[in-house]
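Residue-level structure breakdown
Take a look at the letters that make up each chain.
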Amino acid sequence: MGVVVQKYGGSSVATAEQLKRVAQRVVQTRQMGHDVVVVVSAMGNTTNQLLELAQSVSPNPQRRELDMLVTTGERMSMALLSMAIHDLGYPAVSFTGSQSGIITTHNHTNARIIRVTPVRIRAALDAGQIVIVAGFQGVSEQLEITSLGRGGSDTTAVALAAALEADYAEICSDVDGVYSADPRKVPEAGRIDELAYDDMQVLADAGAKVLNAEAVEWARRHDIEVRCVATDGPRDVGTRIRQGGGLRQGRVVAVTAHPGLLMLAPDVPGAPAPLDLEATLAAYGAADAEVWRVPGSWGARVPKQNLHGLTAFRAAMTGLGVRVREDLTLVTAVGRALTGPPSKLGPAREALAEAGVATHGQLVDPGRLAFLVDAAQADAAVGALHRALIDG
Ligand code: ADP
Ligand code: ASP
Ligand code: MG
């Protein structure tokens with residue numbers, strides 16, 4: 001049997017007791033005959049607490065120093081998990097992202113993995129050890145420690161799975177798979193057994209938190225099967241994401257809202273985009289913003305989660321003649337061939353109107369129907385689209 005990469009999210013390693021349970025699950029995987037590489041997130045709410053601590057010291061913290069700070073969260077959990085595995089009688093060793101050979105861009109707080117050279121991981125596996133890796137981090141070619149953006153441990157896991165030619169990457173979380181909507185918000189949402197990379201990519205880009213969008217990109221590019229399962233549940237219950245998984249032409253597979261989105265537009269209608277817009281966005285950690293330009297107009301969607309120093313960002317945008325709106329959310333229905341025939345656009349618009357949800361714009365292509373709605377109506381919009389478009 002080959003290598004399996006498992007990733008445990010923050011809620012799965014929130015306490016010492018949970019870490020010990022994860023250690024048992026890891027050992028069981030090893031007993032099944034796999035070589036195991038484990039990627040861990042920071043314990044519980046640690047990353048948020050570290051970011052709050054930074055804010056209380058400096059409202060616009062240096063992004064390099066933020067990375068030095070936030071990457072310690074994952075370093076704590078990797079060491080603790082390794083200790084717990086040792087206590088179960090199995091050899092284990094923990095590595096930081098940099099020790100694992102995860103080379104990233106230099107873009108602090110939202111870096112991208114460029115390549116992975118897991119020399120030490122390979123050597124440790126060959127020596128019979130279970131390897132624990134700190135998620136969400138790497139090192140730039142300038143030898144600076146970087147972090148990958150919120151939710152980035154998923155990306156660490158899939159990129160490592162690709163570099164190690166693993167059999168699959170198992171994403172272990174507090175939910176037993178990918179659902180047709182966030183099950184915390186839509187109780188009637190159902191689990192999706194199989195999902196194609198394309199659909200998962202659109203869903204992740206549209207804001208579904210269950211799997212990081214960049215992780216899906218790595219999986220698709222290297223054809224790595226991703227299994228989303230519950231840490232506390234059976235291993236064979238969950239969602240498998242792979243090439244051509246669950247073909248559903250013309251069917252909506254899932255609906256999601258994108259929480260925490262900033263919408264940028266020119267202050268004066270028709271004014272061109274600032275020349276250095278992308279560079280300014282990247283300088284604030286928002287390299288993952290989606291910018292569009294059409295003749296006579298432009299706009300951008302900026303996920304707020306990787307912006308640290310929001311006040312300074314707003315001021316910079318105002319200085320460039322850009323209006324920042326925080327009162328809108330994008331709600332997206334994901335599937336294939338949705339524009340038909342028959343098109344799902346009509347039923348989607350009717351469902352929103354019937355639920356009393358006003359739309360302020362739409363983005364429609366065969367893979368998604370997305371509507372801009374008031375943030376306060378996002379949950380109502382997701383519920384209405386789910387009821388109308390997802391069959392039973
Ligand atoms: P982890 O800490 O394990 O990385 P996350 O909190 O990042 O876990 O992601 C899991 C959460 O994603 C779930 O608890 C759920 O509320 C949320 N979620 C949002 N959309 C979906 C969806 N379509 N299917 C499943 N979970 C979803
Ligand atoms: N700890 C990081 C975060 O909270 C990374 C992760 O959990 O994937 O975003
Ligand atoms: Mg996550």
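Residues numbered from 1 in each chain as written. Chains lettered and ligands numbered in written order. Predicted model: local features only at pLDDT ≥ 70, side-chain atom pairs only at ≥ 80, totals over all residues. Heavy atoms only, no water.

Turning next to the overall build of the protein. Scanning the protein from N- to C-terminus turns up eleven helices and 20 strands. For 392 residues, the compact-globule estimate of 2.2 N^0.38 gives 21 Å, and the protein sits close to it at 21 Å. Along the first, second and third principal axes, the C-alpha set of the protein runs to 65 × 50 × 35 Å. Within the protein, buried positions represent 53% of all 392 residues. At a minimum sequence separation of 6, the contacts of the protein that also span at least 24 residues come to 73%. Of the accessible surface of the protein, which amounts to about 16,700 Å², a share of 52% is contributed by carbon and sulfur atoms. The average position of the 36 basic charges and that of the 42 acidic charges among the side chains of the protein differ by 1 Å. (Helix = DSSP H or I, 4+ residues; strand = E, 2+ residues; numbered from the N terminus. Rg over C-alpha atoms; globule rule 2.2 N^0.38 Å. Buried < 20%, exposed > 50% of the residue type's maximum accessible area, 1.4 Å probe, protein only. Contact = heavy atoms within 4.5 Å. Areas by Shrake-Rupley, 256 points an atom, 1.4 Å probe, with all protein chains shown as cover. Lys, Arg positive; Asp, Glu negative; His and termini not counted. Charge placed at Lys NZ, Arg CZ, Asp CG, Glu CD.)

Attention now goes to the site of ligand 2. Taken together, S41, A42, T47, E74, F136, R150, G151, G152 and S153 make up the full set of residues adjacent to ligand 2. For ligand 2, an oxygen atom lies 3.1 Å from a polar atom in the side chain of S41. One of the side-chain nitrogen or oxygen atoms of R150 is found 2.7 Å away from an oxygen atom of ligand 2. The fraction of the free accessible surface of ligand 2 (260 Å²) that becomes covered by protein chains is 86%. Looking at the shell around ligand 2 residue by residue, the classes come out as two nonpolar, five polar and two charged. (Near = heavy atom within 4 Å. Polar contact = N/O pair within 3.5 Å; in protein donor to acceptor, adjacent residues only side chain to side chain. Nonpolar A, V, L, I, M, F, W, Y, C, P; charged D, E, K, R; others polar.)

A separate point is the sheet that holds strand β5 (residues 113-116). In space, the four strands of this open sheet follow the order β5-β4-β7-β8, with mixed pairing throughout. This sheet does not close on itself; its edge strands, each paired only once, are β5 and β8 (145-147). Within the sheet, the average angular offset between the axes of one strand and its neighbour, ignoring direction, is 45°. The sheet contact formed by strand β4 (residues 102-104) and β5 spans three bridges and is antiparallel. The partner of T104 across the bridge, within β5, is I113. Along the sheet, helix α3 (residues 63-87) contacts β7 (137-140) and β8; its crossing angle with β8, the most-contacted strand, is approximately 70°. On top of the sheet, helix α5 (residues 153-163) reaches β4, β5 and β7; it is set at about 40° to β5, its chief contact. (Pairing = 2+ DSSP bridges. Axes fitted to C-alpha atoms, helices over the stretch in contact; angles between N-to-C directions.)

Considering all chains together, one arrives at one aromatic pair under this definition. Note on Y284 and F313: the rings are 5.5 Å apart at their centroids and 70° apart in plane angle, and the pair reads as edge-to-face. On the criterion of sequence distance, the pair formed by Y284 in the loop between α8 (277-283) and β15 (290-294) and F313 in helix α9 (residues 310-319) is long-range, its members being 29 residues apart. We classify Y284 as buried; its relative accessible area is 19%. (Phe/Tyr/Trp six-rings, centres within 6.5 Å; stacked < 30°, edge-to-face > 60°.)

Taken together, 16 residues lie around ligand 1, and K7, S173, Y179, D182 and R184 are the ones closest in. Note that an oxygen atom of ligand 1 is positioned 2.9 Å from one of the side-chain N or O atoms of K7. The class makeup of the residues in the shell around ligand 1 is seven nonpolar, four polar and five charged.

In this section: the environment of H258. With respect to the helices and strands, the residue H258 is situated in the loop between β13 (252-257) and β14 (261-266). Among the residues examined, H258 registers a relative accessible area of 14% and is labelled buried. Along the backbone, H258 and T332 are 74 residues apart, and their C-alpha atoms lie at a distance of 8.2 Å. Those residues in contact with H258 that lie beyond four places of it in its chain are D205, A206, G207, P303, T329 and L330.

Moving on, we come to the packing of helix α6 (residues 197-205) against helix α7 (residues 213-222). Packed helices, taken two at a time, are described by their axes: the angle between them and the distance between them. Contact geometry for α6 and α7: axes closest at 8 Å, N-to-C directions at 160°. Relative to α7, the element α6 is oriented roughly antiparallel. In the packing of α6 onto α7, the handedness of the crossing is left-handed. Within the contact between the two elements, α6 uses Y197, D198, M200, Q201, A204 and D205 and α7 uses A213, V216, E217, A219 and R220. (Parallel < 35°, antiparallel > 145°, perpendicular 65-115°, else oblique. Left-handed = near helix turned anticlockwise from the far one by under 90°.)

Across the sheet, eight strands lie side by side as β3-β6-β2-β1-β9-β11-β12-β10; this open sheet has mixed pairing. Where the open sheet ends on each side, the last strands, each with one partner, are β3 (92-95) and β10 (194-196). Sheet twist, expressed as the average angle between the axes of neighbouring strands with direction ignored, equals 20°. Pairing of β10 with strand β12 (residues 238-242), which is carried by three bridges, proceeds in the parallel orientation.

Any link to function would need more than the numbers given here.
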